[in-house]
Amino acid sequence: MLAHLYQNTVLKNPKSVFVFLLIALLSFGYFSKDFRLDASSETLLIEGDPDLEYLREITERYGSKDFLVLTYTPNEGMVSDSSINNLLSLKYKIQSLNWVHSVITLLDVPLLNNSDEPLQERLKNFKTLKDEDVDRERGFKEILNSPVFRNFVISENGQTSGIIVNIKKNDKLKDIQNKSREEIENYRDEIKRQNHNNILEIRDVIKSYENVGKIYLGGIPMIADDMMTFIKSDIIVFGLGVLIFIIATLWFVFKKLIWIIVPISSCFFSVVIMVGLLGLIGWKVTVISSNFIALMLILTMAMNIHMSTRFLQIKKNFPSKNKFEILKLTTEKMYWPILYTVLTTIIAFLSLIFSEIKPIIDFGWMMTLGLITSFLVTFSLLPTLLNFVPNENISISENKDSKITSFLGKISINNQKSIFTITILVIVLSIFGISKLEVENSFINYFSKKTEIYKGMKLIDDELGGTTPLEVILKFPNKIEDESKEEEFDDDWGDEGSKDDEKYWFTKDKIEKIANVHNYLDGLPQIGKVLSFSSIIDVATLLNNNKPLGTLEMGVLYTKIPQNIKTEIIDPYISIKDNEARISLRIIDSQENLRRNDLIEKINLDLEKKLGLKQSEFKLAGVLILFNNLLQSLFKSQILTLGLVMIGIFLMFFILFRNIKLSLIGVVPNFIAAFFILGIIGILGIPLDMMTITIAAITIGIAVDNSIHYIYRFKEEFENTKDYKKTLSSCHSTVGVAILNTSITIVFGFSILVLSKFIPTIYFGIFTGLAMMLAMISVLTLLPSLLLVIKPFGK
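Residues numbered from 1 in each chain as written. Predicted model: local features only at pLDDT ≥ 70, side-chain atom pairs only at ≥ 80, totals over all residues. Heavy atoms only, no water.

Q: Kindly report on a positive patch on the surface, identifying the contributing residues and their values.
A: The grouping of K661, K725, K791 and K795 at the surface amounts to a positive patch. By secondary structure assignment, the location of K795 is in the segment after α30 (759–790). (Patch = residues over 30% accessible without salt bridge, like charges linked within 9 Å, V, L, I, M, F, W, Y side chains within 5 Å. Areas by Shrake-Rupley, 256 points an atom, 1.4 Å probe, with all protein chains shown as cover. Salt bridge = Lys/Arg side-chain N within 4 Å of Asp/Glu carboxyl O. Lys, Arg positive; Asp, Glu negative; His and termini not counted. Charge placed at Lys NZ, Arg CZ, Asp CG, Glu CD. Helix = DSSP H or I, 4+ residues; strand = E, 2+ residues; numbered from the N terminus.)

The structure is reproduced here in structure tokens:
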């Protein structure tokens, strides 16, 4: 019924079908203007993650802001007149940008040890390095030895200065939280555009100062913007690169212009319609899905090569048939194998929807829609275009049998023991490698060492206390539990103590607890700069002639400190109202063998076991926690769903072939290829990240296409010959050639991804391409060997 309807609507009405496809192309092409990219950190978070809500709460409470970091290494000494003047000029230039809230440099650090006045006077009338009457050498030495500012605004060797650029907070998002999703999305797009312009502006400023020293830019907003730039670049490079390679492959295979135009037209229609559909739906392309155009081109091309090869083989075998009959026979014979290859690949991509991470879920649905689009376009456009081409232009010169497929066919017949021995060895190696797999999320290792983003992050890591932020929030007993300690204050302070609760907050227990946790964190080799109220106490101790301050003195000092110093230096680290303290630290992201999940688990365990804190008395927060949650969630979901993918694909084989033995034979070579790639990744010690973790499922889904085509053809040929070896030789010279050509296209198509500036994309391209190559070899050696030994069609 469906076949009859297809023949009457598509094959018999090529002009109407072509007009319909053109209308679809133009309509969806119009909506492609709404196609959007998104590389913000929000795209790499688990929706509804409680740690995200907690981080937002902490950010609000302690007044944290988004910030950029500049590293400034002057040509001359840091305290020379020219270096100070250049730094001051750079600060004011950045400060004048309308999106900048404040700029902190070593010239803004209050010098509290630069005179011999009483401490109270020094706090009120503090000087900075930019003041003319200050002793610069003495001031610089104070900053260099400061527990707060060393490795923060100045490197330990005093040669590199850090410039912290705090970005103005935009409260507009709060105001539109109750508005429509579309309004929120539009506002977020506006924020991204603004962030991009901000980065361009500050880079222009840096450029104008490049003759005064080395200046690098770093910070989360810059990472997001650079990732967006890389995505745009990757989409263009991948699209063009894959297209050029596909044209070269088609010429190599068919050596006729028409057999380049027809498949390329299918690719063009599929991609434009899909891009328009994404624009219409409002799905954004992220780092995860940035290679979807390359994937669509590769998979559409594979369908077209199989269709085209079969058309030419039927035309050669039945020279008396007219074009309509050949097209009818081609579509009849290719409909089911191509439909099932599409469905098995869809199963693999749909496994991504279990990940809880929106961009990965979107990628799964995106590729599902893309494959359906490619399937529909291939079965409508390809026969339509061939209907328009004169017969004499369709035929190609006689092709000799492929030497590669003939060679692999002979190996399958004559070397079965060797093939099975190698297969067992591959399985053992895969198990060993998979046991060594681990997941990791390292921003700095996502970028080439030649990029500015890498150089800036590396310098910040090495000289200015680390890159990725982490917060440790300490919670203290509530006031009722703490009354006995307050009574101690009342005895000493009399009536004045009851007037000001703030004075009661500084108890010995709290100060010791903060100091103990601070010192513990500071001693971990993976951690760079640690800042807390303990740092402030260390500064106060230095100013007090190295005499520790008592809790009473701290209370008095807190009430007397000028508000501007309190806001900048103390309020970010304690919240008297919430009865808690914040310890801010940064991870040295570039440290070799850093395992973030292990570090988080170690800190949580040590705070409880070594420092004796209850679980309710501390909590970790920050970007590090959020991205670690993402990766652990992704790892669990992909490992769990890999089993579902395998079961789903096995069921597809069973529905198609109605034979359990044949279904097992069909899936085994591809599963082995996918797991072997995971094993290689494990053996090489490359951690799985947000992109490479999806390789196994995607590889199985794409590679299994070859098995379907081979077995389907084998079954068809065997019914005529009733001889396994003859059928094998025949299949290797027909469908085997198509498998070889499509696999080469896919392998080299994925190899285009090595041109990316984004390291996970390069790994994805290399390992997926390698997996496809192994799957192709496996399908042309192991699969036929299993067919010969097991004889699933009977003897």
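Additional details are given in the paragraphs that follow.
Q: Describe the pattern of salt bridges, listing the residues and the values that go with them.
A: As enumerated under the stated definition, the model contains 24 salt bridges in all. In this structure, E57 engages R61 in a salt bridge whose closest nitrogen and oxygen atoms are separated by 2.7 Å. Here R61 and E57 lie together in helix α3 (residues 50–62), a separation of four residues that amounts to about one turn. Among the ionic contacts, a cluster of salt bridges with common partners joins E438, E440, D589, R595 and R596.

Q: Quick one: what's the story with the sheet that holds strand β5 (residues 213–218), residue by residue and with numbers?
A: With antiparallel pairing, four strands are arranged side by side in an open sheet as β3-β4-β2-β5. The open sheet has two edge strands with one neighbour each: β3 (100–104) and β5. Pairs of neighbouring strands in the sheet enclose a mean axial angle of 20 degrees, with direction left out of account. Taken together, the four bridges between β3 and strand β4 (residues 161–167) define a ladder with antiparallel strand orientation. Each bridged residue has a counterpart across the sheet, and for S102 the counterpart in β4 is N166. The sheet contacts of helix α4 (residues 81–95) involve β2 (67–74), β3, β4 and β5, and relative to β3 the element is tilted by about 165 degrees. (Pairing = 2+ DSSP bridges. Axes fitted to C-alpha atoms, helices over the stretch in contact; angles between N-to-C directions. Contact = heavy atoms within 4.5 Å.)

Q: An account of the side chain of K323 is needed here, citing residue identities and associated values.
A: Looking at the secondary structure, you find K323 in helix α12 (residues 323–350). Look past the residues within four positions of K323 in its chain and what remains in contact with it is L386, N387, V389, P390, N391 and I394.

Q: Quick rundown of a nonpolar patch on the surface? Include the residues and the values.
A: On the surface, F354, L644, I647, L651 and I655 cluster together into a nonpolar patch covering about 490 Å² of accessible area. Looking at the element boundaries, I647 is found in helix α25 (residues 623–657).

Q: Explain the packing of helix α2 (residues 14–31) against helix α13 (residues 358–388) residue by residue, including any values.
A: The contact between α2 and α13 brings their axes to 9 Å, and the two run at 130 degrees. Judged by the angle between their axes, α2 and α13 are oblique. The handedness of the crossing between α2 and α13 comes out as left-handed. Residue-level inspection shows P14, K15, V17, F18 and L21 of α2 in contact with α13, the latter providing S380, L381, T384, L385, N387 and F388. Looking at side-chain class alone, the contact of α2 with α13 contains seven nonpolar, three polar and one charged residues. (Parallel < 35°, antiparallel > 145°, perpendicular 65-115°, else oblique. Left-handed = near helix turned anticlockwise from the far one by under 90°. Nonpolar A, V, L, I, M, F, W, Y, C, P; charged D, E, K, R; others polar.)

Q: Break down the packing of aromatic side chains for me, with residues and values.
A: For the structure on display, the rule yields 29 aromatic pairs. Between F268 and F269 the ring centres are 6.3 Å apart and the planes differ by 80 degrees, which places this aromatic pair in the edge-to-face class. A relative accessible area of 48% means that F268 is categorised as partly exposed. For F269, a relative accessible area of 6% corresponds to the buried category. With a centroid separation of 5.4 Å and an interplanar angle of 80 degrees, the aromatic rings of W505 and F506 are classed as edge-to-face. (Phe/Tyr/Trp six-rings, centres within 6.5 Å; stacked < 30°, edge-to-face > 60°. Buried < 20%, exposed > 50% of the residue type's maximum accessible area, 1.4 Å probe, protein only.)

Q: Provide a residue-level description of helix α20 (residues 508–522), including the pertinent values.
A: Over its 15 residues, α20 runs 21 Å from end to end, which matches the ideal 21 Å to within 8%, given 1.5 Å per residue. Among all positions of α20, only K510, I511, K513, I514, A515, V517, H518, Y520 and L521 are buried. Looking at the packing, one finds that the buried side of α20 touches β7 (468–475), β8 (527–531), α21 (533–543), α22 (551–560), β10 (580–587) and α24 (596–609). (Expected span 1.5 Å × (residues − 1).)

Q: Explain unusual backbone geometry residue by residue, including any values.
A: A positive phi angle, near 55 degrees, is found at N579, a position not held by glycine. Among the structural elements, N579 can be located in the loop between β9 (574–575) and β10. On the basis of relative accessibility, which here comes to 12%, the residue N579 falls in the buried class.

Q: Describe the environment of H306, listing the residues and the values that go with them.
A: Locating H306 in the fold gives a position in helix α11 (residues 292–317). Taking the C-alpha atoms as reference, H306 lies 7.7 Å from T742; in sequence the two are 436 residues apart. Excluding residues that lie within four positions of it along the chain, H306 makes contacts with M334, H709, A738, I739 and T742.

On their own, these measurements won't tell you what the molecule is for.
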